[in-house]
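Okay, here's what each chain looks like letter by letter:
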Amino acid sequence: MPLLLGPFVRCRFSATLLVLWLVFAGFTCTGSEHATATLPAAFSDLLPHFLVEPEDEFIVKNKPVTLTCRSTPATQIYFKCNGEWVHQDDHLIERTVDPATALPIMQVTIDITRQQVEKIFGLDEYWCQCVAWSTTGTQKSQKAYIRIAYLRKNFEEEPQGKEVALDQEVLLRCHPPEGIPQAEVEWQRNEDVINPVSDPNFFITTDHNLVIKKARLADTGNYTCVAKNIVARRKSNSATVLVYVDGGWSEWSKWSACGADCSMWRSRECTQPSPGTGGKDCQGLDLQSLNCTSEQCPQTVSGAEDVALYVGMVAVALCLTLLLIVVVLVYRRKKEDLDADVADSSILTTGFQPMGIKPSKPGVWAPRPRRPPPHSKNSHLLTIQPDLTTTTTSYQGTLRSRHDATGKFSMTNGPLLDPLPNGSHTLHNGKLNSDPSEFVSRLSTQTYFKTLPRDVANTSYGTFNFLGGRLTIPSTGISLLIPPEAIPRGKIYEIYLTVQRKEDLRLPLAGCQTLLSPVVSCGPPGVVLSRPVILSMDHCSDACLDNWAVRLKKQNYEGTWEDVLLMGEELVSEPYYCQLEAETCRLFSEQLGTLALVGESLHMGAAKRLRLVLFSDAYCSTLEYNIRVYCMDDTQDVFKEVMQMERQLGGRLIDEPHVLLFKDSYHNLRLSIHDMPQAHWRSKLLAGYQEIPFYHIWNGSQRYLHCTFTLERLSLSTCELTCQLCVWQVEGEGQSFSLDFNIAKAVLDGYHSLQDTRAVDSEFLLMDSNATALAGPSAFQIPYLIRQKICSSLDAPCPNGADWRMLAQRLKLERHMSFFASKASPTSVILDLWEAQHFHSGNINQLATVMADIGKQEAMIFLVSDGEC
């Protein structure tokens, strides 16, 4: 309990009990630095009562909450939280007087932070109450409970799709994710909010289930359960409800007149109602016949009239036969012409040819090696043998629009780049070879691009048309997939892809925000795209969206950054959509520009992946020997930069990199070295460890954070070094390196990532630089014509679900059902994402197996001629 005693020497006390009471009730001491307010004699017999009491609060993300207490008449007010008094310096006090009663009013406020609540998280609920004193006694306010607000990512139960008959009752279940405060639930049909007040056919139960009282044809659609509280908004996977109609027969028509065959007929139709959306056809006969009585049968005559009838029928049959022959001949002629055109064009002649990726040199360590795809018994479903008689095919000719003779694409401000001479262009089916420095120099003369870095090593560009292609920045994990038909037909765009060094830009970060990805520019901005492109780049988060609020930021024309996407709350109508994988982000974008991922931790469990890399001097001729420990974001672009820098410094990699999860706990990173042979080596570090401050690492703006351990050998003849190097976060995770090598050699004993005496093998940095730009079919695993046939087979919905929805489920992409369903061709978007994920692996067998599982082998097994491939 806070006691404002002050100096005792000038205070007057009448009795021991009175002394104790005055300590609580307030007193006046001359010279006290914390004098307590005294009450007028008229109010000395009043107990304090509360005008405002503290109320329950929720901490959202990392924002503190404020508790308020107001009482009259009061000499002191203090807060007590979880049984402990809050320090007096943490109280903000205001004193006023009630103008009506002249009673003194005291108001006290305190702030409660997330860290205070997390200290007892899981042990007990965090509560606070205030205690007010007057000269008569004390009063306690109600307890206010402070809880950390959150909303889990996964629904405990999600709605399931159903096929129901017309007028049948439908029940869609939903159990929202766990959260504090408890999430509110709303339902959406095709992204529109369902309001049971305006449409009484819907009813939402107390446990959040949706009831459709009588299914109508208009109720067919995709239903989504949406949970939200003050922290976040979550959407379940969509459930497709298909309302079908079984056909009913109409009434029988009247009997017809008796015909020449002495029979009469009557009919009925399946139109009341007509079968719809997969409903059953009518059962039974739709035509009945009945023999007439002899009196009703018409009299028939044989002779010339019968002969004329037969002759007419034969003539009609001959005419139809001749017409069919003519149609077949015309069709075959056109098909032969089309096959010849396709066979002569490089646009469709490649068939399915595996991508030629230059393998890394044996012995050179490369991050994240990919295992070769396993052989599948269904590989024949997608594989078409390539033509081995040719090595390079190209299409040369005018691919530009006949009416576009001034530029490759148009913008509101005029052509961005100079037009190609003579209105023609050569499109090679494979790599696009040109001078990158000339392209960057020419691009930088444009007004908007003057701010782009002229870093040829980290820039890729190419010229593309409606067939699409791919841009890759070597050894960075950054690529841009331009799907077929993304560029409008008749247009040709020169597209670039570059990674920005973080020191080139000032990305505003606040609070617990941190940069999770490289800053990537693709452009030119403002070009018209018919379909979204896919930008792939590494990220360094722990990929648990329960721990993060991940935002996509884009730099506008004025150079300021704006939020364009919050992951987990994507809207299919927006131009951006993102899939966050374990180490990679796949961004669907209908607009080009400068983009980056920024994360804000929701609690201290959020973690970034750090890559710990050790370098040393390649050659040492002195007694001193340096070991440099880099602590960098676990993305390939940063690692590439460090490798290039160490190559210039003459460094060498001395152990395999390790990954450390660095949590948002405000604790620093420590590094230490141990277990050196004291008879031969000593460390020149005066302290027991080195330390990197938390914020230097967390904000992600310093790319080359490292600590150097300077060791000293006692003799030049000492070359063997054994030691233990430890890196750990205080009260967190750690990693250790066991080093045992000869400093006079450039090869680490027992470790074969570096095989020769070069400092940093340049082959590692260039291992995929031979495929920076690919245009046309060579940029894709699936041949263009086969892709078209897959889309036409799976885009149409099937009642049993054997369509694009099952393809998404088999490829574990069901979380994005709503996004796929919003596109004109859901299958093509799924295949685009598959192409972006499997560019290096070439695992076409997996896709063939999936197609076979769906039961759509007819979409894969084609009688394909050489011309069609």
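Residues numbered from 1 in each chain as written. Predicted model: local features only at pLDDT ≥ 70, side-chain atom pairs only at ≥ 80, totals over all residues. Heavy atoms only, no water.

1. Notes on the nonpolar core
Step number 1: Formed by 70 residues in total, the largest nonpolar core has its most connected members in Leu-480, Leu-497, Leu-535, Leu-597, Leu-669, Leu-721 and Val-727.
Step number 2: Ranked by size, the runner-up nonpolar core spans 35 residues in total, among them Cys-791, Trp-804, Leu-811 and Phe-820. (Core = buried A, V, L, I, M, F, W, Y, C linked by side-chain atoms within 4.5 Å. Buried < 20%, exposed > 50% of the residue type's maximum accessible area, 1.4 Å probe, protein only.)

2. Comments concerning the packing of aromatic side chains
Within a pair of aromatic rings, the relevant descriptors are the distance that separates the centres and the angle that separates the planes.
Step number 1: By the definition in use, this model includes 16 aromatic pairs.
Step number 2: Aromatic pair Phe-694 and Trp-698: ring centres 5.6 Å apart, planes at 15°, arrangement stacked. Note that Phe-694 and Trp-698 are positioned in helix H6 (residues 694-698) at a spacing of 4 residues, about one turn of the helix.
Step number 3: Between Arg-489 and the ring centre of Phe-466, over which it is positioned, the NZ or CZ distance is 4.1 Å. (Phe/Tyr/Trp six-rings, centres within 6.5 Å; stacked < 30°, edge-to-face > 60°. Helix = DSSP H or I, 4+ residues; strand = E, 2+ residues; numbered from the N terminus. Lys NZ or Arg CZ within 6 Å of the ring centre and 35° of its normal.)

3. Some details on the sheet that holds strand E35 (residues 576-580)
Step number 1: Pairing within the open sheet is antiparallel, and its 6 strands lie in the order E35-E36-E32-E28-E27-E48. Looking along the sheet, the strands with just one partner apiece sit at the ends: E35 and strand E48 (773-775). The average undirected angle you get between the axes of adjacent strands in this sheet is 15°.
Step number 2: Pairing of E35 with strand E36 (residues 584-589), which is carried by 5 bridges, proceeds in the antiparallel orientation. (Pairing = 2+ DSSP bridges. Axes fitted to C-alpha atoms, helices over the stretch in contact; angles between N-to-C directions.)

4. Things to note about helix H5 (residues 636-649)
Step number 1: Taking 1.5 Å of rise per residue, the 14 residues of H5 would be expected to cover 20 Å, and the 20 Å separating its terminal C-alpha atoms lies within 8% of that figure.
Step number 2: Positive backbone phi, at 80°, marks Gly-650, one or two positions downstream of H5. (Expected span 1.5 Å × (residues − 1).)

5. Considerations on the pairing of strand E27 (residues 469-473)
On a regular strand, each side chain points to the face opposite its neighbour's, so the side chains alternate between the two faces of the sheet.
Step number 1: Among the 5 residues of E27, 5 are classified as buried, and the element is accordingly described as predominantly covered.
Step number 2: Here E27 shows no split at all, with Gly-469, Leu-471 and Ile-473 on one side and Arg-470 and Thr-472 on the other all buried.
Step number 3: Where E27 hands over to strand E28 (residues 478-482), the hairpin turn is made up of 4 residues, of which Ser-475 adopts a positive phi near 60°.
Step number 4: As paired strands, E27 and E48 are joined by 3 bridges and run antiparallel to one another. Across the sheet, Leu-471 pairs through a bridge with Ala-773, a residue of E48.

6. Re the state of the cysteines
Step number 1: This model, assessed by the stated rule, comprises 5 disulfides.
Step number 2: Across the disulfide, Cys-81 is cross-linked to Cys-128 (sulfur-sulfur distance 2.0 Å). Across the S-S bond linking Cys-81 and Cys-128, the dihedral sits near 110°, which makes this disulfide right-handed. Taken together, the positions of Cys-81 in strand E4 (residues 76-81) and Cys-128 in strand E8 (residues 126-133) put the pair 47 residues apart, joining distant regions of the chain. (Disulfide = S-S within 2.5 Å.)

7. Structural notes on unusual backbone geometry
Step number 1: In this model, Ile-180 is joined to Pro-181 through a cis peptide bond whose omega is -10°.
Step number 2: Inspection of the secondary structure assignment puts Pro-181 in the loop between strand E14 (179-180) and strand E15 (184-189).
Step number 3: Here the bond from Gly-523 into Pro-524 is cis, since omega is 10°, no more than 30 degrees from zero.
Step number 4: Tracing the backbone through its elements, the reader meets Pro-524 in the loop between strand E31 (519-523) and strand E32 (533-538).
Step number 5: Although it is not a glycine, Ser-475 sits at a positive phi angle of roughly 60°.
Step number 6: On the secondary structure map, Ser-475 appears in the loop between E27 and E28.
Step number 7: A positive phi angle is found at Glu-731, which is not glycine, with a value near 60°.

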